[in-house]
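Coordinates in review
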Amino acid sequence: MWGRRLAWLFQVPCQRGGSTRHHSPWLPCDRRTVLAAAARWHHTAPESLKCAWQLHGDHLELRYANTLMRFDFVWLRDHCRSTSCYNAKTNQRSLDTASVDLGIKPKAVRVDETTLFLTWPDGHVTRYGLEWLVKNSYEGQKQQVMHPRILWNAEIYRQAQVPSVDCRSFLETDEGLKEFLQNFLLYGIAFVENVTPTKEDTEILAERISLIRETIYGRMWYFTSDFSRGDTAYTKLALDRHTDTTYFQEPCGIQVFHCLKHEGTGGRTLLVDGFYAAEQVLRQAPDQFELLSKVPLKHEYVESVGGCHNHMIGVGPVLNVYPWNNELYLIRYNNYDRAVINTVPYDVVHRWYAAHRTLTAELRRPENELWVKLKPGKALFVDNWRILHGREAFTGYRQLCGCYLTRDDVLNTARLLGLQA
């Protein structure tokens, strides 16, 4: 799975009782001490099937809990959790990383059933729980998910029958707030019902989970088809699926929509799980997924309407992933605001267009489209890093209000309630 096979055939001579025996360089972890300076390994316990390890010139190799891990010696010294190196009360490092010798090697290594012990040249002893190492190693992280989610198309979401949360329960109880946040974290969207249809009440709703992010659109905004801003959204035209503020260096994390009034027809809101669509691309065309995650693009917002004069530029790939496990955490997809592509050579551009076409086809599949009619009293929270939104054309007078929320505060609210976020 890790792309290479271990060299189990290497053998190291081991002296015992005047005779020479050969053993694998992998040393079982049951209560043994090994001097790193020695040219061979000494052991005093029978081999363990659960754990084995091997010293190399610049790193320690450890196999435990079906995970093969490699630890640089400097890393092992830097992450020491002893009282002199780490403040457990503040969860902060006390050790000066720059003071660690880049050529450092342990003088002795010992491993028992649960713990790795390292003795350094100055006599300092570092202890690591084996489970902690699995959780915090590069190889362990490759197997873990940072943010558990349920990816969905329209049918999956409908079958899940995700409940809306009543406004009073949302505002007044931890149970209601926790249910809302759990739905939001898993699906990227969540609804609150029975909200008084005013901007002021929507603001109270938003502040329950986060600080409201100030932007060029103001703190709380009204949204009508008066073309008061230089944006297609301020018209009655249909809007294709997109994420907002792709032209920010850090796109807004959460968006709140609340329809205050609509006297006319049409205007349904379109929601598409961008991560679900990207997952299909990863399965069918991994090379294109990789290209979309590496090619940097510029997005821009240019307006000169009334007293509003703005030119904002944000840079980043369409798909943003954690490089160690390829987990997607942010999608920038807005064909309206994408600027001139001038950050990559022509031959890469053509391949990027093909990859973009593949992703767009997935995003536009009818089975991936969830259509919702927003009505007064029903507020919608959207994860703008994951969910694309749009709308159908409409007639008559339609007024929405809303705001952007700071992502860290929403996630922190969820963590305070015991949720993984």
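Values in this document were obtained by computation on a predicted structure and should not be read as measured data. (Residues numbered from 1 in each chain as written. Predicted model: local features only at pLDDT ≥ 70, side-chain atom pairs only at ≥ 80, totals over all residues. Heavy atoms only, no water.)

1. Comments concerning the overall build of the protein
Across its full length, the protein carries 11 helices and 27 strands. Expressed as a percentage of its 421 residues, the buried residues of the protein come to 49%. Long-range pairs, those at least 24 residues apart, make up 70% of the contacts in the protein with a sequence separation of at least 6. With an accessible surface of roughly 21000 Å², the protein has 51% of that area assigned to carbon and sulfur atoms. (Helix = DSSP H or I, 4+ residues; strand = E, 2+ residues; numbered from the N terminus. Buried < 20%, exposed > 50% of the residue type's maximum accessible area, 1.4 Å probe, protein only. Contact = heavy atoms within 4.5 Å. Areas by Shrake-Rupley, 256 points an atom, 1.4 Å probe, with all protein chains shown as cover.)

2. Concerning the sheet that holds strand E17 (residues 239-242)
Picture the strands of a sheet paired through backbone hydrogen bonds; they go either parallel or antiparallel. Read across the open sheet, the 4 strands follow the order E17-E26-E19-E24; overall the sheet is antiparallel. Two strands in the sheet have a free side with no partner beyond their single neighbour: E17 and strand E24 (370-372). Between one strand axis and the next, the sheet turns by 20° as a mean value, whatever way the strands run. As paired strands, strand E19 (residues 269-273) and strand E26 (residues 387-391) are joined by 5 bridges and run antiparallel to one another. For Thr 269, the partnering residue across the bridge sits in E26 and is Arg 391. Lying on the sheet, helix H8 (residues 274-284) is in contact with E19 and E26; it crosses E19 at an angle near 40°. (Pairing = 2+ DSSP bridges. Axes fitted to C-alpha atoms, helices over the stretch in contact; angles between N-to-C directions.)

3. Description of the environment of Asp 166
Mapped onto the elements of the fold, Asp 166 is located in strand E13 (residues 165-166). Among the residues examined, Asp 166 registers a relative accessible area of 34% and is labelled partly exposed. Once the C-alpha coordinates of Asp 166 and Glu 193 are considered, the two residues, 27 residues apart in sequence, prove to be 5.0 Å apart. Within the structure, the side chain of Asp 166 is placed 2.7 Å from the side chain of Asn 194, a separation counted as a polar contact. (Polar contact = N/O pair within 3.5 Å; in protein donor to acceptor, adjacent residues only side chain to side chain.)

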